[in-house]
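Observations on the model geometry
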Amino acid sequence: MIIEPRIRGFICLTTHPKGCEQNVLNQINYVKSKNTPEGTKKALIIGASTGFGLASRITSAFGSGAATVGVYFEKPPAAGKPASAGWYNTAAFEKQAHDAGLYAKSINGDAFSDEIKQKTIELIKADLGQVDLVIYSLASPRRTNPKTGITHNSVLKPIGEVFTNKTVDFHTGVVSEISINPANDEEIANTVAVMGGEDWQFWINDLKAAGVLADGAITVAYSYIGPAVTEKVYRKGTIGRAKDHLETTAKHISEKLKDINGKALVSVNKALVTQASSAIPVIPLYISLLYKLMKAEGIHEGCIEQIQRLFEQRLYTGGEIPTDAEGRIRVDDWEMRPDIQAKIAELWLQSTTENLAQLGDLKGYHTDFMNLFGFEVPGVNYQEDVNEMVAVPGLVS
């Protein structure tokens, strides 16, 4: 079939298998071009099919030759209906990994459930024995707690007062003002339940109890802080409460892992175009301005550049892992440079529908968004018939 993009808001309803495959190949080739030091040898990536999770799996496998287990929740293809992008990403990754002689298997299902946790543990026991790295990179709008059976839904809201600021429709380039009402206590609690650290804690508890964490194992979850211009809706909003909980959970997990010389860390990453970030008001405008400045300075990074640098310059240096005063790894350091942030604050006030194309990198934002779904990827012929029925080679049934 010939597959064309069908956009609805901040999601694309179609995906392109060849475009997704080329995206993965580009990331693999980037990692291969780097002299990544000795790192993980057996890695579990929870949320392995897109974004930072996919980049973590690629960096583990092609940076240090690691065996990888990926857990994700993706829609398989049906005749005439493309799969979700993460399905095609995983299929492309596992094909390349297998061709390179690397172990790569995956489990598709609800990572919040006890069933998927136990299935993952059984796979690790049978094939790898133990893992030395656990990446936690789940992004979901809802979660059913396996202990209570309650389903929680997250919200993107400020806390305490109405938030009013600029935003941009990155499809049309229209800059407008948006107001968001504050969250109530129940919405805050639900957002923390979905996006906080509880499920990460459950995973590590189960993995440790099963004896599948190697001595000295590291587990890393991903977070974001961001600038003053977004903090009321992000870091001081409902998502920020969840991130605070995630970071506190890292300390609790580290205590639990002391007897196996393990450690839990939160890596604060750069703002990037993802489905999640595209849904947050003001973030697309901020990222558009940020991209323009960082590209001009030669310090722009996408997911794979961020994670490769995290592994090479933070996690696997052979020495102490550098952290900030709160114990967090910071690879948002280039984004948060004072000169970059001062310039963004200046441009933010100036930005309008008429001048954003000049002040920011709206085109780059839109291209990155389309790339998430396999569209607008250089080197792909979108007029060709493609087979939507792509299998994931290492999928465990």
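Everything discussed here concerns the structure shown above.
These notes cover the structure that comes with them. (Residues numbered from 1 in each chain as written. Predicted model: local features only at pLDDT ≥ 70, side-chain atom pairs only at ≥ 80, totals over all residues. Heavy atoms only, no water.)

1. A word on the packing of aromatic side chains
Condition: Whether two aromatic rings pair depends on their centres lying within 6.5 Å, for rings of Phe, Tyr and Trp, where Trp uses its six-membered ring; planes under 30 degrees apart make the pair stacked, over 60 edge-to-face, and the rest tilted. Think of it in three bands: residues with accessible area under 20% of the maximum for their type are buried, residues over 50% are exposed, and the middle band is partly exposed, with areas taken using a 1.4 Å probe on protein chains only.
Throughout the structure, instances matching the rule amount to nine aromatic pairs. Each ring, one from Phe311 and one from Tyr316, has its centre 5.8 Å from the other, and the planes form 55°; the classification is tilted. Classification of Tyr316 by relative accessible area gives buried; the value is 14%. Arranged with centres 5.3 Å apart and planes meeting at 65°, the rings of Phe369 and Phe373 form a pair that is edge-to-face. A single burial state applies to Phe369 and to Phe373, both of which are buried. An aromatic cluster is defined as three or more aromatic residues linked by ring pairs; in this entry it consists of Phe170, Tyr365, Phe369 and Phe373.

2. Quick look at the pairing of strand S6 (residues 131-136)
For the record, the criterion: Helix and strand definitions follow DSSP, with helices as H or I runs of at least four residues and strands as E runs of at least two, each counted in order from the N terminus. For two strands to count as paired, DSSP must find a minimum of two bridges between them.
Burial runs high along S6: five of the six residues are buried. Pairing of strand S3 (residues 42-46) with S6, which is carried by four bridges, proceeds in the parallel orientation. Residue pairing in the sheet places Ala43 in a bridge with Leu133 of S6. Here S6 runs beside strand S11 (residues 213-223); their pairing, made up of five bridges, is parallel. Bridge assignment links Leu133 to a residue of S11, and that residue is Ile218.

3. A closer look at the nonpolar core
Put simply, the rule reads: In this text, buried Ala, Val, Leu, Ile, Met, Phe, Trp, Tyr and Cys residues form a nonpolar core when linked through side-chain atoms within 4.5 Å. Contacts are assigned to residue pairs with any non-hydrogen atoms lying within 4.5 Å of each other.
Counting residues in hydrophobic clusters, the biggest one holds 75 residues, and the most contacted among them are Ile58, Phe62, Phe311 and Leu315. In contact with Phe311, other than residues within four places in its own chain, are Thr40, Ser56, Thr59, Ser60, Leu133, Ile135, Tyr222 and Tyr316. Counting 31 residues, the second-largest nonpolar core is a separate cluster that includes Leu44, Ala67, Ile124 and Leu128.

4. Brief notes about unusual backbone geometry
Excluding glycine, a negative phi dihedral is what most residues carry, and trans is how most peptide bonds are arranged. Look at Asn261: it is not a glycine, yet its phi comes out positive at around 60°. With respect to the helices and strands, Asn261 occurs in the loop between helix H7 (238-257) and strand S12 (263-268). Positive phi, close to 75°, is recorded for Val282, a residue that is not glycine. When you line up the elements, Val282 lands in the loop between helix H8 (275-278) and helix H9 (283-297). Note on Val282: relative accessible area 0%, which makes it buried.

5. What to know about the pattern of salt bridges
Spelled out, the test is: One speaks of a salt bridge when a side-chain nitrogen belonging to Lys or Arg is within 4 Å of a carboxyl oxygen belonging to Asp or Glu.
One pass over the structure, following the stated rule, counts 26 salt bridges. A salt bridge links Glu38 to Lys41; its shortest N-O distance comes to 3.1 Å. Note on Lys41: relative accessible area 38%, which makes it partly exposed. The partner of Lys208 in a salt bridge is Asp259, with the nearest N and O atoms 3.2 Å apart. One end of the pair, Lys208, is in helix H6 (residues 198-209); the other, Asp259, is in the loop between H7 and S12, with 51 residues separating them in the sequence. Given the relative accessible area of 56%, Asp259 is considered exposed. In the salt-bridge network here, residues are joined through shared partners; they are Arg235, Asp244, Glu247, Asp324, Arg328, Arg330 and Asp332.

6. Some points on the side chain of His152
Structurally, the position occupied by His152 is in strand S8 (residues 151-153). Assessed through its relative accessible area of 14%, His152 is described here as buried. Excluding anything up to four places from it in sequence, His152 contacts Pro141, Arg142, Arg143, Asn145, Asn190, Ala193 and Val194.

7. Comments concerning the packing of helix H2 (residues 51-64) against helix H3 (residues 85-99)
To keep things clear, this is the line we draw: Orientation is described by axes fitted as lines to C-alpha atoms, over the contacting stretch for helices, and by angles from 0 to 180 degrees between their N-to-C directions. In these notes the angle categories are as follows: under 35 degrees is roughly parallel, over 145 is roughly antiparallel, 65 to 115 is roughly perpendicular, and the rest is oblique. For this scheme, ten residues count as nonpolar: Ala, Val, Leu, Ile, Met, Phe, Trp, Tyr, Cys and Pro. Four count as charged, namely Asp, Glu, Lys and Arg, and the remainder, Gly too, count as polar.
Interaxial distance between H2 and H3 falls to 11 Å at its minimum, and their mutual angle equals 0°. One way to sum up the angle between H2 and H3 is to call them roughly parallel. Here Leu54, Arg57, Ile58, Ala61 and Phe62 of H2 come into contact with H3, specifically with Asn89, Thr90, Phe93, Glu94, Gln96 and Ala97. Looking at the contact of H2 with H3 residue by residue, the class counts come to six nonpolar, three polar and two charged.

8. Thoughts on H6
Going by this rule: Helices are assigned an expected span. That span is 1.5 Å times one less than the residue count.
Given a rise of 1.5 Å per residue, twelve residues ought to cover 16 Å, and the 16 Å separating the end C-alpha atoms of H6 matches this to within 8%. Gly211 sits one or two positions beyond H6 and adopts a positive phi of about 75°.

9. Quick word on the side chain of Arg143
Cut-off, in case you're wondering: Within 3.5 Å is the distance limit for a polar contact, defined as a pair of N or O atoms, with the added protein rule that one can donate a hydrogen and the other accept it, and that residues adjacent in sequence qualify only through two side-chain atoms.
Summarising the element assignment, Arg143 is placed in strand S7 (residues 142-144). At 2.6 Å, the side chain of Arg143 and the backbone oxygen of Ala193 are in polar contact. Apart from residues no more than four positions distant in its own chain, Arg143 is found in contact with Phe112, Ile150, Thr151, His152, Ala193, Val194, Glu198, Asp199 and Phe202.

10. Looking at the packing of helix H1 (residues 17-32) against H3
Rules: Handedness of a crossing follows from how the near helix is turned relative to the far one, being left-handed for an anticlockwise turn of less than a right angle and right-handed for a clockwise one.
Here H1 crosses H3 at 50°, and the two axes come no closer than 8 Å. In this view, H1 runs oblique relative to H3, as classed from their interaxial angle. Where H1 crosses over H3, the handedness of that crossing is right-handed. Two secondary-structure elements touch here, H1 through Pro17, Cys20, Glu21, Val24, Leu25 and Ile28 and H3 through Ala85, Tyr88, Asn89, Ala92, Phe93 and Gln96. By residue class, the composition of the contact of H1 with H3 is nine nonpolar, two polar and one charged.

Such coordinate-based values are descriptive only and should not be taken to indicate function.
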